[in-house]
Amino acid sequence: MESPLTKVWREDLLVELVPHAVHRLGNLLTVVLGTADLLAMYEQDEDRLTQLHAICEGARRSTDLIRALGGHARSKEGLPSSLDLAHQFSDLFELLDPVAKASGCTLKPFESTGMALIKVDPVGLQLLALGILIGECRPTGDAQRPTTLAVRAIELGRRVVVKATTTSGDGAPLAPREIAPNALTLAKDLGATIKVRQAQGSRARVVMLGFPALT
């Protein structure tokens, strides 16, 4: 079993190594993207042109993903700042999408009723939201089941609530899931609240993160 000291050291080393790997991968993908774009300019065959466009789109998505990963690895605790949740969650979803697909979870686009503005430490927000959403994507128990995860921000006067709803894809009830103690501690430090409830006859699980609205 890994000791706490070894775990902390390993995580510190990953924080140091990941940004450099991301930079190298970004450079390589830039070559792929630039070459594909250039070839597409002169390609006349429709099938090959479609393939080149697919390469370009894949390279762009990959670039966004590794940049989001690099930003997450470099992040350090900072002062609270004014954030638009719709903008913040775009990077989070780039990181979350591969986890969701590997877990059999369909991730719906982030929804927001207008600009949902809060004042919070952006690094803490990213860690809290990503930790909770990854937990919601993962299957409960040993068997992988199809689920759908929908996340939306709702402004309620003095509060902004991020509502994450996991819905069963096979109609069977979803087992209750406990929020990790680290998430509860971090939420308290951020001045946020976490509530969990079952819905739709236990076919859906709802996690609500509440933050003070920017006033």
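Data block above holds the structure.
Throughout, a residue's number is its position along its own chain's written sequence, starting from 1. Selection of residues for local features in this predicted model requires a pLDDT of at least 70, selection of side-chain atom pairs for listing and counting requires 80 or more, and totals for whole chains, interfaces and linings are taken over all residues. In computing side-chain properties, one takes all heavy atoms of the structure into account and sets aside hydrogens as well as water.

A. Main features of the pattern of salt bridges. Basic side-chain nitrogens of Lys or Arg form a salt bridge, by our definition, when they fall within 4 Å of a carboxyl oxygen of Asp or Glu. A complete count under the given rule lists four salt bridges for this structure. With its nearest N and O atoms 3.0 Å apart, the salt bridge here joins Arg205 to Glu136. Linking Arg205 in strand 8 (residues 204-212) with Glu136 in helix 4 (residues 122-137), this pair joins segments that are 69 residues apart in sequence. Of the two residues examined, Arg205 and Glu136, each falls in the buried class. Every helix listed is a DSSP run of H or I at least four residues long, and every strand listed is a run of E at least two residues long, numbered separately from the N terminus. Partly exposed describes any residue whose relative accessible area lies between the buried limit of under 20% and the exposed limit of over 50%, with all areas from a 1.4 Å probe on protein chains only and scaled to the type maximum.

B. Fine view of the nonpolar core. Nonpolar core, defined: a set of buried Ala, Val, Leu, Ile, Met, Phe, Trp, Tyr and Cys residues in which side-chain atoms within 4.5 Å join the residues together. Judged by nonpolar contacts, the single largest core of 37 residues is most densely connected at Leu85, Phe89, Leu128, Leu149, Val151 and Phe211. Of all elements in the fold, only helix 3 (85-102), strand 2 (105-107), strand 4 (117-120), helix 4, strand 5 (147-156), strand 6 (159-168), helix 5 (181-190) and strand 8 reach the threshold of two or more residues within this core. Counting residues per element, this core draws most heavily on helix 4, which supplies eight residues. We call two residues contacting when some pair of their heavy atoms lies within 4.5 Å. Leave out the neighbours within four places in its chain, and Val151 touches Phe89, Phe93, Pro109, Phe110, Glu111, Leu133, Val162, Lys163 and Ala164.

C. Quick look at the packing of helix 4 against helix 5. Angles shown run from 0 to 180 degrees and are taken between the N-to-C directions of axes, each axis being a line fitted to C-alpha atoms and, for helices, limited to the stretch in contact. Where helix 4 contacts helix 5, the two axes come as close as 10 Å, and the packing angle between them is 150°. Classified by chirality, the crossing of helix 5 by helix 4 is left-handed. Here Gly124, Leu125, Leu127, Leu128 and Ile132 of helix 4 come into contact with helix 5, specifically with Ala183, Leu186, Ala187 and Leu190. The residue inventory of the contact of helix 4 with helix 5, partitioned by class, reads eight nonpolar, one polar and no charged. Crossing handedness: left-handed means the near helix sits turned counterclockwise from the far one by under a right angle, and right-handed means the same turn made clockwise. When residue character is reported, Ala, Val, Leu, Ile, Met, Phe, Trp, Tyr, Cys and Pro are called nonpolar, Asp, Glu, Lys and Arg charged, and the others, Gly included, polar.

D. Seen up close, the state of the cysteines. Two cysteine sulfurs form what is called a disulfide whenever their separation falls within 2.5 Å. Here the structure, examined in full by the defined rule, presents zero disulfides. No disulfide involves Cys105; its sulfur sits 4.1 Å from the nearest other cysteine sulfur, which is in Cys137.

E. Geometry of helix 5. All of the buried residues in helix 5 are Ala183, Leu186, Ala187 and Leu190. Summarising the axial view, the buried residues of helix 5 lie within an arc of 105°, below the 170-degree limit, and thus occupy one face. Facing away from the buried side of helix 5 by more than 90 degrees, the exposed set consists of Pro181, Lys188 and Asp189. Looking one or two places after helix 5, you find Gly191, whose phi comes out positive at around 75°. By definition, the arc is the one covered by directions from the helix axis to the C-beta atoms.

F. Geometry of the packing of helix 3 against helix 4. Where helix 3 meets helix 4, the axes come as close as 10 Å, and the angle between the chain directions of the two elements is 35°. Once helix 3 is placed against helix 4, the crossing between them reads as right-handed. Residue-level inspection shows Leu85, Gln88, Phe89, Leu92, Phe93, Leu95, Leu96, Val99 and Ala100 of helix 3 in contact with helix 4, the latter providing Pro122, Leu125, Gln126, Ala129, Leu130, Leu133, Ile134 and Cys137.

G. Quick peek at helix 4. The span you would expect from a helix comes to 1.5 Å times its residue count less one. With 16 residues, helix 4 should cover 22 Å at 1.5 Å per step; its first-to-last C-alpha distance of 22 Å lies within 8% of that length. Most of helix 4 sits out of view: 12 of its 16 residues are buried. Nitrogen and oxygen atoms within 3.5 Å of one another constitute a polar contact, given that in protein one can donate a hydrogen and the other can accept it, and given that sequence-neighbouring residues count only through two side-chain atoms. The N-capping residue of helix 4, defined by a side-chain oxygen 3.2 Å from the backbone nitrogen of Gly124, is Asp121.

H. Main features of the side chain of Asp97. Secondary-structure assignment places Asp97 in helix 3. The class for Asp97 is buried, based on a relative accessible area of 16%.

I. A look at a nonpolar patch on the surface. The patch calculation keeps residues exceeding 30% relative accessible area without a salt bridge and links them within 9 Å when they carry like charges or within 5 Å when they are nonpolar (Val, Leu, Ile, Met, Phe, Trp, Tyr). Here, Shrake-Rupley sampling with a 1.4 Å probe gives the accessible areas, and only protein chains in the shown set may cover a residue. There is a patch of nonpolar side chains on the surface, built from Leu38, Met41 and Tyr42 and spanning about 400 Å² of accessible area. When you line up the elements, Leu38 lands in helix 1 (residues 4-42).

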